[in-house]
Amino acid sequence: MREIRFDRFGGPDVLTLHSDAPTPEPGPEELLVRVAYVGLNPLDYKIRDGSSGRAKDLQLPAGTGREMAGTVLSAGSDLDDAELGSRGLTPGTRVFGMRAPADHRGVAAEVIAIAADELAPIPDEIDDADLPRWAGLALVGLTAIATIEDTARIRSGQTVLVHGGSGGVGQLLIPMALEAGAAQVWATGRATNAERIRDLGATPIAYDTEDWQAEIHRRTDGRGVDVVLDTHYHSTFVPSLDHVVGSGLVVTLPTLADLSPAQERGVEAKVPRLRPGRDRLDRLVQGIRAGRYPLEVSQVLPLAEIAEAHRLLEDGHTRGKLVLDAQA
Ligand SMILES: NC(=O)c1ccc[n+]([C@@H]2O[C@H](COP(=O)([O-])OP(=O)(O)OC[C@H]3O[C@@H](n4cnc5c(N)ncnc54)[C@H](OP(=O)(O)O)[C@@H]3O)[C@@H](O)[C@H]2O)c1
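Residues numbered from 1 in each chain as written. Predicted model: local features only at pLDDT ≥ 70, side-chain atom pairs only at ≥ 80, totals over all residues. Heavy atoms only, no water.

Draft legend 1. Local environment of the side chain of T252. Structurally, T252 can be placed in strand 13 (residues 244-252). Engagement of the side chain of T252 in a polar contact is seen with the backbone oxygen of D230, the distance being 3.3 Å. (Helix = DSSP H or I, 4+ residues; strand = E, 2+ residues; numbered from the N terminus. Polar contact = N/O pair within 3.5 Å; in protein donor to acceptor, adjacent residues only side chain to side chain.)

Dropping the structure here:
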């Protein structure tokens, strides 16, 4: 079967398509899954270039990719038919999910073995044409839930500023912040993404054509917002410290973010930690089914074009999700 691997840390070209990889054996509590699509995330290139904390104990050669959608082929020895049936994961079922953070294996392959606990069934009424969106849902969805509920704990009536409102995580942070009761959500993005941000329910601030700091100052009468949800970090984190109310909070997403400028200023700042698991995957299913999380897939590329996909990802302007077709 075909699988993407890399044998050294480096640029996108270290990613190599192997056509003769052995089909994996599922562990006792794992499923064998034929992968339809793979969702890409900035974490993928940070592991590939060695800059992520997760790269430290990675054994090379390694696979790549964390989240996917596909079809269950078979199950490991501890998962009998009754168990699979009760979880809705019998062979032939379409599933989506992501590798647990501590599981270093990739998912960019035609067939993978993956823990049954990390997967949830895709509802029958979903058309196969919509599978790319399900492939890109688990990691950003679990991140957005952790950000809104565990870390920011958005409460009714709060004002929120999202940086990067049309990115993968941003497209879920906006509707989830509104669902949690936020009174007003502003979101930065390029002018070309303003309409998308508005469709998601936020007021766009185009950082490439206007001064976002002056805008948020003006729109909050100089008070600032209760919570900043910062998916970008690089040029947004430090300036954001000037635009939160006294008791406010800045949540920034990159796990290696330096929070010391906030500590020095006495502003609370945190990085979310996603919690994997079936209960939250099922909540994402309900949200998609109800039309509350209209996560967009901007591009689907064949598996063999993974290096190009990583180059696009590294540009830092992905709209919604970039997805690979694992069978093309
Ligand atoms: N802590 C965790 O567990 C966790 C989990 C998932 C992701 N993350 C991290 O979260 C970050 C975002 O992930 P993602 O998947 O959403 O990335 P993404 O899909 O690549 O989105 C990047 C976003 O950043 C925006 N952006 C770029 N420059 C900007 C600027 N100067 N000001 C405001 N926005 C700007 C882009 O919008 P425009 O195109 O409009 O510029 C785009 O919406 C990554 O660093 C990722 O590693 C952390």
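That covers the picture; the talk isn't over yet.
Draft legend 2. Expanded view of the pairing of strand 15 (residues 297-302). The sheet contact formed by strand 15 and strand 16 (residues 321-325) spans five bridges and is parallel. Paired with V300 across the two strands is V323, which belongs to strand 16. For the crossover from strand 15 across helix 11 (residues 306-315) to strand 16, the handedness is right-handed. (Pairing = 2+ DSSP bridges. Right-handed = clockwise from strand over helix to strand, strands pointing away.)

Draft legend 3. Quick look at the domain arrangement of the chain. Split by domain assignment, the chain resolves into domain 1 (3-137 + 295-325) and domain 2 (144-270). Taking only C-alpha atoms into account, the centre of domain 1 sits 29 Å from that of domain 2. Facing twelve residues of domain 1, the contacting portion of domain 2 comprises twelve residues. With both sides pooled, the region where domain 1 packs onto domain 2 buries about 840 Å², and carbon together with sulfur makes up 50% of that total. When the area that domain 1 buries against domain 2 is broken down by residue, the three leading residues are L295, H317 and R319, summing to 53%. For the interface between domain 1 and domain 2, the tally reads one salt bridge. Between R196 and E296 there is a salt bridge, with its nearest N and O atoms 3.3 Å apart. Of the residues contributing to the side of domain 1 that touches domain 2, the split by class is two nonpolar, six polar and four charged. (Domains from an automatic or database assignment. Contact = heavy atoms within 4.5 Å. Buried area = accessible area lost by both parts, 1.4 Å probe. Salt bridge = Lys/Arg side-chain N within 4 Å of Asp/Glu carboxyl O. Nonpolar A, V, L, I, M, F, W, Y, C, P; charged D, E, K, R; others polar.)

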